[in-house]
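Residue-level structural notes
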Amino acid sequence: TLDTVFLMASMTKAVTAVAAMQLVEQGRLELDAPAHRVLPALADVPVLDGYDGDRPRLRKAKRPMSLRHLLTHTAGHGYEFLDADVVRCQEQLGLPSIFAGKRATLDLPLLFDPGERWCYGTSLDVAGLLVEAVSGQRLGDYMREHILAPLGMKDTGFTMSEDARARLATIHARAPDGKLAPAPLVLDQDPEQHMGGHGLYGTAGDYLRFVRMLLNDGQLDGVRVLRPETVALMNENHIGELEVPAFQSIAPHLCHSGELFPGMVKKWG
């Protein structure tokens, strides 16, 4: 129904990007400055450089990651359902799944040096950490104050109310026999870390208000969320000569393999 609540999953990323770009507008974050200036721990994130037996072989990154890298999936982060190396590192380093809502999830090594490839992964979760560090608020609280409440997105958040939980749609997955079956997944409603890459719940109507704001150059119903020039900047290619490849899933119950806009050269904003 129109008020059905669902896990927004990766549609959370765009909301996190807007939060970050609000802070860029204010001069509190910079797109190309080393991200470790805001979050010192990011200076020590290593790059995976193969394995010695079962142990990951790690090295220092050739260059620091930036907010632009994080917002465009070029920082070096991967996803456990798209890359076996991520799963192997999680197992060997004792790191939790992205669905656990734990800060330690984001301590994974990078799969490549920042800026060298495009790879779908947890970089928007890390961008959310920068928003928290600069704003002094949890990501969900910042979003509620500066994006969700101003846009009237009353059913959207990392934590569902009792009323919203009663309207939650059940996730389904396709079984080996081809039939759809319930595959209940409800993220921790009191997570240690608000995950800016996948953690929001909300309704279709709420998300359409967010999209309409972007389509209307940063404002909706008289409420301005971003400047027009910021929205225009977000819609440009920010990965240069890099291209977005097809997806190769290693966990078909979570994500299909495939290609966005098949046959077209794809860039990223």
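Conventions adopted
Residues numbered from 1 in each chain as written. Predicted model: local features only at pLDDT ≥ 70, side-chain atom pairs only at ≥ 80, totals over all residues. Heavy atoms only, no water. 1 Å grid on protein atoms, 1.4 Å probe; cavity = no way out; pocket = protein on both sides within 12 Å on 5 of 7 lines; lining within 4 Å. Points joined across faces, edges and corners; volume = space filled by probe spheres on them. Nonpolar A, V, L, I, M, F, W, Y, C, P; charged D, E, K, R; others polar. Pairing = 2+ DSSP bridges. Helix = DSSP H or I, 4+ residues; strand = E, 2+ residues; numbered from the N terminus. Phe/Tyr/Trp six-rings, centres within 6.5 Å; stacked < 30°, edge-to-face > 60°. Buried < 20%, exposed > 50% of the residue type's maximum accessible area, 1.4 Å probe, protein only. Lys NZ or Arg CZ within 6 Å of the ring centre and 35° of its normal. Axes fitted to C-alpha atoms, helices over the stretch in contact; angles between N-to-C directions. Parallel < 35°, antiparallel > 145°, perpendicular 65-115°, else oblique. Contact = heavy atoms within 4.5 Å.

Regarding empty space enclosed by the protein
With the rule as written, the count across this model stands at two cavities of 30 Å³ or more. Empty space within the largest cavity amounts to approximately 100 Å³. Every residue lining the largest cavity is counted, 13 residues in all, and those nearest its centre are L187, D188, P191, Q193 and G199. Here the lining of the largest cavity is composed, by residue class, of seven nonpolar, five polar and one charged. When its volume is computed, the second largest cavity comes out at roughly 70 Å³. In this structure, the second largest cavity is lined by H77, G78, V86, T105, L106, L108, P109, L111 and T122. Residue composition of the lining of the second largest cavity, grouped by class: five nonpolar, four polar and no charged.

Brief notes about the pairing of strand β3 (residues 55-59)
Two faces, one strand: in a regular strand the side chains alternate between the faces of the sheet. Pairing of strand β2 (residues 47-52) with β3 involves four bridges; the strand directions are antiparallel. Each residue of the ladder has a partner; that of Y51, found in β3, is P56. Counting the residues in the hairpin turn of β2 and β3 gives two residues, including G53, whose phi is positive at 65°.

Details of the packing of aromatic side chains
Tallying each qualifying case throughout the model produces seven aromatic pairs. Ring geometry for Y79 against Y120: centres 5.5 Å apart, planes inclined by 70°, an arrangement best described as edge-to-face. Of this pair, Y79 sits in the loop between α2 (67-71) and α3 (84-93) while Y120 sits in the loop between α3 and α4 (123-135), placing them 41 residues apart in sequence. In this structure Y79 comes out as buried when scored by relative accessible area, which is 2%. Taken together, Y79, F81, W118, Y120, F247 and W268 form an aromatic cluster joined through their ring pairs. The ring of Y51 has R88 sitting right over it, with the charged end atom 3.6 Å from the ring centre.

As for the packing of helix α1 (residues 12-25) against helix α5 (residues 139-148)
Packing of α1 against α5 leaves a shortest axis separation of 10 Å and a crossing angle of 75°. Taken together, the axes of α1 and α5 are roughly perpendicular relative to one another. From α1, V15, T16, V18, A19, Q22 and L23 reach across to α5, where they touch L139, Y142, M143, H146 and I147.

Some points on the layout of surface pockets
Here the largest pocket is characterised by a volume of approximately 850 Å³. Along its surface, the largest pocket is lined by 32 residues, and K13, A14, A17, W268 and G269 are the ones closest to its centre. Elements that contribute at least two residues to the lining of the largest pocket include exactly α1, α2, α7 (204-215) and α8 (228-234). At five residues, α1 tops the list of elements feeding residues into the lining of the largest pocket. Among the residues forming the lining of the largest pocket, the class breakdown is 21 nonpolar, seven polar and four charged. Put simply, the second largest pocket is a space of about 710 Å³. Taken together, 26 residues form the lining of the second largest pocket, with A9, I171, H253, L254 and C255 sitting closest to its centre. Considering each element in turn, the lining of the second largest pocket owes the most residues, three residues, to strand β4 (residues 172-174).

All quantities given are derived from atomic positions and should not be read as evidence of function.
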